[in-house]
Amino acid sequence: MKLGAFSVSLSVKNLAASKAFYKKLGFAVFGGDEDQGWLIMKNDAAVIGLFQGMFEKNILTFNPGWDSDVQALERFTDVRELQRQLRADGVEFQSEADETATGPASFLILDPDGNPVLVDQHV
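Computed from a predicted model, the values in this text were never measured in an experiment. (Residues numbered from 1 in each chain as written. Predicted model: local features only at pLDDT ≥ 70, side-chain atom pairs only at ≥ 80, totals over all residues. Heavy atoms only, no water.)

*Asks:* Explain the nonpolar core here, please?
*Replies:* Within soluble globular proteins, side chains that are nonpolar tend to cluster in buried spots. Listed in full, the 11 residues of the largest apolar core are Phe62, Val79, Leu82, Leu86, Phe93, Ala97, Ala105, Phe107, Ile109, Val117 and Val119. Of all elements in the fold, only α2 (79-88), β7 (105-110) and β8 (116-121) reach the threshold of two or more residues within this core. Those residues within four positions of Val117 in sequence are excluded, and the remaining contacts are Ile59, Leu60, Phe62, Phe107, Leu108 and Ile109. Val12, Leu15, Phe27 and Leu50 belong to the second-largest nonpolar core, a separate cluster that totals nine residues. (Core = buried A, V, L, I, M, F, W, Y, C linked by side-chain atoms within 4.5 Å. Buried < 20%, exposed > 50% of the residue type's maximum accessible area, 1.4 Å probe, protein only. Helix = DSSP H or I, 4+ residues; strand = E, 2+ residues; numbered from the N terminus. Contact = heavy atoms within 4.5 Å.)

*Asks:* Help me understand the pattern of salt bridges in this model?
*Replies:* Oppositely charged side chains are able to pair whenever their charged atoms sit close together. In the structure shown here, the tally under the stated rule is seven salt bridges. Residue Asp69 pairs with Lys42 through a salt bridge whose shortest N-O separation is 2.0 Å. With Asp69 in the loop between β5 (59-63) and α2 and Lys42 in strand β3 (residues 38-43), the pair connects residues that are 27 residues apart, well separated along the chain. For Asp69, a relative accessible area of 36% translates into the label partly exposed. Overall, Lys42 belongs to the buried group, its relative accessible area being 12%. Between Glu99 and Arg84 there is a salt bridge, with the nearest N and O atoms lying 3.3 Å from each other. In this pair, Glu99 is assigned in the loop between β6 (93-95) and β7 and Arg84 in helix α2, connecting sequence segments 15 residues apart. (Salt bridge = Lys/Arg side-chain N within 4 Å of Asp/Glu carboxyl O.)

Printed below as a string of structure tokens:
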């Protein structure tokens, strides 16, 4: 199963403080919108998202259709196919992608410890 680009989405209390901290670790702003309370930062292949006030827990995030530079892949497994495979394996969903649609969609599952795993396709 190929889930696409991986990042950790961190729920932060202070976006500016978190941005400054991760810059000290060698991360640079790669995308986002500080006015909306979120940034994407990158250090080589390591990607983190900083999100202030958007969700309670940190989230493991996968993006089918993207590489780690947010470039669209020519071939990838669509989020709806991934969802069908996981459902067949007995995985329970917190939210689901509309399987009758095409293009961008997402689903959310929880690992056995309650950690959110978001599969979020933007293409």
